[in-house]
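These are the residues of each chain, in order.
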Amino acid sequence: MTTTKRPHIADDNTTTKLSYYPQFTALSHQGEHKRAISSVAMAPSKICTTPTCASASADGTIKLWTLLTSSNNSVNANNSSTANTNLTNEDNNNILTTTTTTTTNKAFSTLVGHSRGINDVTWSSQAPYLATASDDKTLRLWDAHTSEALVEFRGHSNFVFCVKFNPSSNILVSGSFDETVKLWDVRSGDCISTLPAHSDPVTGVDWIRDGTCLVSGSHDGLIRIWDTATGECLKTIYAQNNPPVSQVQYTPNGKFVLAGTLDSTLRLWRTSTTTTAGGRPNGFCCKTYRGHHVNTKYCVASDILYNTNAATNKQQEQQQMVVTGSEDGKVVLYDLQSQEMVQTLQHSNDPNTAVLAVSCHDSERMIATGGTDRIVKFWSCSSNNAAATTANNEKKNHSKDHKNDEDSSSSQQQLKKQKHDSKNDDEEEDNDEMKP
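The paragraphs below set out a description of the structure included in this document.

Reading the values: rules and limits
Residues numbered from 1 in each chain as written. Predicted model: local features only at pLDDT ≥ 70, side-chain atom pairs only at ≥ 80, totals over all residues. Heavy atoms only, no water. Pairing = 2+ DSSP bridges. Helix = DSSP H or I, 4+ residues; strand = E, 2+ residues; numbered from the N terminus. Axes fitted to C-alpha atoms, helices over the stretch in contact; angles between N-to-C directions. Buried < 20%, exposed > 50% of the residue type's maximum accessible area, 1.4 Å probe, protein only. Phe/Tyr/Trp six-rings, centres within 6.5 Å; stacked < 30°, edge-to-face > 60°. Salt bridge = Lys/Arg side-chain N within 4 Å of Asp/Glu carboxyl O.

Concerning the sheet that holds strand S13 (residues 171-176)
For step 1, the next point in the chain: As summarised here, the arrangement of the four strands in space is S12-S13-S14-S15, forming an open sheet in which the pairing is antiparallel. Looking at strand neighbours, the two that pair on one side only are strand S12 (160-165) and strand S15 (191-195), the edges of this open sheet. Taken pair by pair, the neighbouring strands of this sheet meet at an average axis angle of 20°, ignoring direction.
For step 2, the next point in the chain: Sheet topology note: the S12/S13 ladder contains five bridges and is antiparallel. Bridged to Lys164 within S13 is Val173.

If you want it as structure tokens, here you go:
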């Protein structure tokens, strides 16, 4: 596929004026595969009490890592430590707990079974199981307790590129280079439904939070919303100039889809069944993230990081970030609402390294990244209260300095306010609806 010229990337490192955001730093330990890392997935906190990450690679293996930080584990001067990884499984009110000891820089489990490279890995939200999609044209269901493959799913006629559990974790959806989307019964491995979804490889799939709809994205440039019960295509969305879609993801509230495209752009699309107060149609692109990451060649992953920890001020309560990989060795964090770049993380010093894989923890401020350098890196941050206080003071001083000017031009400001009321109402509604 022909690629377009890469946009200029600013040389200024790390941060913007949004100084109240906590800053991420790399943890001292990291993981490694024998070939490029295609996917990383943080385990849901519901099923894993210690932050845990799965990484999938073109070497055909999945590795499980425990994320060690100063808050949950001690690291000695030799940069090694041990941690307990507790995987819980609730079945008929019985809780099964497995405790595994792991050492920094070494995976506590390696899952082997696929005959070719693995493109995607995802966790069940209900039990310690994983699903993988592979170039060997199959999917597999894995038990994280035993590292054994439980079910093999056969039916695709080409590489299987993406996979996701539904919210109940009893159905899998997969997308393939055979241009179809398939739904699978998790227990039996049978194909429930096949959707002739696209005219090019399917590069991303995801479920809405109630499982009634799913989204698919493809190199044909289309994003499609499907009714899972009937198989009907409810909506087709595409960006201007129809750039190939590299990944898709529902927001937690199910009203928006975040999609990456091979024009170095992430877009947030409104897909809910209701219209806005201003009457804007569904399929409307309400946010765009670009200018600081490069994505013109690979299917680069992105994720949304929500601040679910207790906040110390209103600004921290609103911390929501879009985290994306980049084809220049960086990971870029954008503010979800303002679309401004918050921070860049240097995953690799090699500008030719593509950071293909990104995953954010659902309850901790932690990020996992992986790429063509074969390295898995883990990132964490502190609350950065001092920076938050400084930002608040600066904002107060700025408001005080300009109070008289604002008062003297109150009539002009009121006219401007009236002129933009409709637009602001729509934007505020979008911002409110994007909250988890």
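Now, onward.
Re the pairing of strand S10 (residues 138-143)
For step 1, the next point in the chain: Within S10, six of the six residues are buried, leaving the element largely enclosed by the surrounding structure.
For step 2, the next point in the chain: A two-sided burial pattern is seen for S10, the buried positions comprising Thr138, Arg140 and Trp142 on one face and Leu139, Leu141 and Asp143 on the other.
For step 3, the next point in the chain: Where strand S9 (residues 129-134) and S10 come together, five bridges link them in antiparallel fashion. What sits directly across from Ala131, in S10, is Leu141.

Describing the sheet that holds strand S26 (residues 330-335)
For step 1, the next point in the chain: Sheet architecture is open: four strands sit in the order S24-S25-S26-S27, paired in antiparallel fashion. Of all the strands in the sheet, just strand S24 (302-306) and strand S27 (341-346) have a single pairing partner and so form its edges. Neighbour-to-neighbour, the strand axes of this sheet turn through a mean angle of 20°, independent of strand direction.
For step 2, the next point in the chain: Judged from the five bridges that link them, S26 and S27 form a sheet pairing that is antiparallel. Residue pairing in the sheet places Val331 in a bridge with Leu345 of S27.

Regarding unusual backbone geometry
For step 1, the next point in the chain: The residue Asn241 is not glycine, and still its phi comes out positive at about 70°.
For step 2, the next point in the chain: With respect to the secondary-structure elements, Asn241 resides in the loop between strand S19 (233-237) and strand S20 (245-250).
For step 3, the next point in the chain: With a phi close to 60°, Ser264 is a non-glycine residue in the positive phi region.
For step 4, the next point in the chain: Its location among the elements puts Ser264 in the loop between strand S21 (256-261) and strand S22 (265-270).
For step 5, the next point in the chain: Residue Ser264 is classed as buried on the basis of its relative accessible area, which comes to 3%.

Points about the packing of aromatic side chains
For step 1, the next point in the chain: According to the stated counting rule, one finds four aromatic pairs in the structure shown.
For step 2, the next point in the chain: A ring pair is formed by Phe161 and Phe177, whose centres lie 5.7 Å apart and whose planes are at 45°; its orientation type is tilted. Here Phe161, found in strand S12, pairs with Phe177, found in the loop between S13 and strand S14 (181-185); they are 16 residues apart in sequence, far enough to count as distant.
For step 3, the next point in the chain: Connected via pairs of aromatic rings, a cluster forms that spans Phe159, Phe161 and Phe177.

Section: the pairing of strand S3 (residues 52-57)
For step 1, the next point in the chain: When you tally the buried positions in S3, you get six out of six residues, the bulk of the element.
For step 2, the next point in the chain: Strand direction decides the pairing type here: strand S2 (residues 37-42) and S3, joined by five bridges, are antiparallel. Residue pairing for S3: Val40 is matched across the bridge by Ser55.
For step 3, the next point in the chain: Looking at chain direction, S3 and strand S4 (residues 61-66) are connected through five bridges and run antiparallel. Bridge pairing links Ala54 to Leu64 in S4.
For step 4, the next point in the chain: Between S3 and the antiparallel strand that follows it, S4, lie three residues; Gly60 among them carries a positive phi value of about 85°.

Considering the pattern of salt bridges
For step 1, the next point in the chain: A full pass over the atoms with the stated rule returns four salt bridges.
For step 2, the next point in the chain: For Lys164, the salt bridge is made with Asp120, and the minimal N-O distance between the two is 4.0 Å. Here Lys164, found in strand S12, pairs with Asp120, found in strand S8 (residues 118-123); they are 44 residues apart in sequence, far enough to count as distant.
For step 3, the next point in the chain: Taking relative accessible area as the criterion, Lys164 reaches 25% and is therefore assigned partly exposed.
For step 4, the next point in the chain: Among the residues examined, Asp120 registers a relative accessible area of 10% and is labelled buried.
For step 5, the next point in the chain: With its nearest N and O atoms 3.0 Å apart, the salt bridge here joins Arg267 to Asp263.
For step 6, the next point in the chain: The exposure class of Asp263 is partly exposed, given its relative accessible area of 27%.
For step 7, the next point in the chain: Within this structure, Arg140, Glu152 and Arg154 form a network of salt bridges that share partners.

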